[in-house]
Amino acid sequence: MCGIVGYVGPKSTLDVLLGGLRRLEYRGYDSAGVSVISGAGLETRKKAGKLDNLVGEIDAHPLPAAHIGIGHTRWATHGAPTDGNAHPHLGGSALKLSLIHNGIIENHANLRRLLQEEGYVFTSDTDTEVIAHLVEKELKATGNLLAAVQKSVKQLHGAYGTVLMDKNDSSRLVVARSGSPLVIGLGIGENFISSDQLALLPITNRFIYLEEGDIARLTRNSIEV
Ligand code: GLU
C-alpha cells in the first residue's frame, strides 16, 4: 500500500500533490501519477519509476492550473509496474472519473468479468480499475458521486483507501476507506486527504482520521463523513 494525496483549494494543486508525494517517497513505490480538473477538463499524467520520471512527463506535457486534484505513488500488487498500470485510473467510456487506490480488491476478477460483459473496456491489468468502472456504472444510475461510492464499496471485497473525483464536478473529492488508512487534513478554505499525515504535516496540523467503513466528501469549505 503506497501513497495517496488529494487536494481541493486555492493553491497550486500540482505543487501540493507533488510535495505530498515527495514526503511519502520513504515508503517505497514503483510508479506515480496525478490527475487535475481545470477549465480544460480532466488531465492525467502517470509514469513508471521514480517521482522524477513523473515530473519529467509533466515538464514535457504541462498541466493546466487547477484547484482540485489527486496524486498517487503505487506499489504494484496486480499488474506490472508500467505507465499504464500506474494510478490514477479513469472510469467509464467517457473517462469522466479519476481514481486512486491503496490496497487490494480481492474479487477484482469477478467484477472485471461482470463489467466487461456490460461493455466496460479495461486499459490496465490492475485490480484498481474495477473500482473506477463500478463507480461510473453506479454514478449513471444515481447521478450522485457519493451515493455511487456508497453503492460500489458494498460490492468490494478487500482493502481500500480510495479517492475519486468527477470531471463534471470540480468542487469535491469523495473518499472511502476500509483496511487501508486515510486522513483528512483541514485547512482554511482548503482541504486535503492523504494515506499518511506525514504528507500533510508542513501544510496543516489539524487532522480527521477516517475510521473503517467511512466515506467522506471534501470541498474547499466543508467535510462530511
Ligand atoms: N492493488 C493496486 C495496484 O496494484 C494498488 C497498489 C497500491 O496500494 O499501491 O495497482
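Note on numbering: residues in each chain are counted from 1, in written sequence order. Only residues with pLDDT of 70 or above have their local features reported here, since the model is predicted, and side-chain atom pairs are shown and tallied only from 80 upward, although totals for entire chains, interfaces and linings are computed over all residues. Excluding hydrogens and water, the side-chain values take into account all heavy atoms of the structure.

Peer 1: I keep staring at the site of the ligand and nothing clicks. Help me out?
Peer 2: The cutoff for a nearby residue is simple: one of its non-hydrogen atoms must lie within 4 Å of the molecule or strand. Around the ligand, the surrounding shell holds 15 residues, and the nearest of these are R74, T77, H87, G103 and D127. The contact in question runs from a nitrogen atom of the ligand to an N or O atom on the side chain of D127, over 2.8 Å. Put simply, the ligand lies in the largest cavity. Contributing elements (two or more residues each) for the shell around the ligand: strand 4 (68-74) and strand 6 (97-105). Charged residues are taken to be Asp, Glu, Lys and Arg, nonpolar residues to be Ala, Val, Leu, Ile, Met, Phe, Trp, Tyr, Cys and Pro, and polar residues to be all remaining types, Gly included. A breakdown of the residues in the shell around the ligand according to their chemical character gives four nonpolar, nine polar and two charged. Two N or O atoms count as a polar contact when they lie within 3.5 Å, although within protein this holds only if one can serve as hydrogen donor and the other as acceptor, and sequence-adjacent residues are included solely when both atoms are side-chain atoms. Method remark: on a 1 Å grid restricted to protein atoms, a set of points is classed as a cavity if a 1.4 Å probe fits but cannot get out and as a pocket if it is open with protein on both sides within 12 Å along at least five of seven lines; lining residues have an atom within 4 Å of a point. Cavities and pockets are treated as containing a molecule whenever more than half of the molecule's atoms lie within 2 Å of their grid points. Runs of E in the DSSP output that reach at least two residues are strands. Runs of H or I that reach at least four are helices, and both are numbered from the N terminus.

Peer 1: Got a minute to help me understand the nonpolar core in this structure?
Peer 2: Here is a general trend for soluble globular proteins: nonpolar side chains tend to be buried in one another's company. For this analysis, a nonpolar core means a set of buried residues of the types Ala, Val, Leu, Ile, Met, Phe, Trp, Tyr and Cys, connected via side-chain atoms within 4.5 Å. Only protein chains enter the accessibility calculation, which uses a 1.4 Å probe. A residue is then buried if its area is under 20% of the maximum for its type, exposed if over 50%, and partly exposed in between. Judged by nonpolar contacts, the single largest core of 24 residues is most densely connected at V135, V149 and L156. Every element with two or more residues in this core is listed here: strand 6, helix 3 (108-117), helix 4 (128-142), helix 5 (145-153), strand 7 (158-166) and strand 8 (169-178). Looking at which element gives the most residues to this core, the answer is helix 4, with six residues. Core analysis: the next-biggest nonpolar cluster, separate from the first, contains 23 residues, C2, Y29, A66 and V183 among them.

Peer 1: Could you clarify how one ought to interpret a nonpolar patch on the surface in this entry?
Peer 2: A surface patch of nonpolar side chains, about 290 Å² in accessible area, is lined by Y26, L198 and L201. By the secondary structure assignment, L198 is in the loop between strand 10 (191-194) and strand 11 (207-209). Overall, L198 belongs to the partly exposed group, its relative accessible area being 39%. Every patch collects residues that have over 30% relative accessible area and no salt bridge, joining them within 9 Å if they carry like charges and within 5 Å if they are nonpolar side chains (Val, Leu, Ile, Met, Phe, Trp, Tyr). Note that accessible areas follow from Shrake-Rupley with a 1.4 Å probe, and for residues the cover is restricted to the protein chains shown. By definition here, a salt bridge exists when the distance from a side-chain nitrogen of Lys or Arg to a carboxyl oxygen of Asp or Glu is within 4 Å.

Peer 1: I tried to follow the pairing of strand 7 on my own but got confused; where do I start?
Peer 2: Walk down a regular strand and you will see the side chains alternate between the two sheet faces. With eight of nine residues buried, strand 7 is to be regarded as a mostly interior element. Two elements, strand 6 and strand 7, share nine bridges in a ladder whose sense is antiparallel. By the bridge assignment for strand 7, I105 is matched with G158. One ladder, built from five bridges, connects strand 7 with strand 8; its direction is antiparallel. For G161, the partnering residue across the bridge sits in strand 8 and is R177. Here a strand pair is declared whenever DSSP counts at least two bridges between the two strands. Turn length for the strand 7-strand 8 hairpin, with the two strands adjacent in sequence and antiparallel, is two residues.

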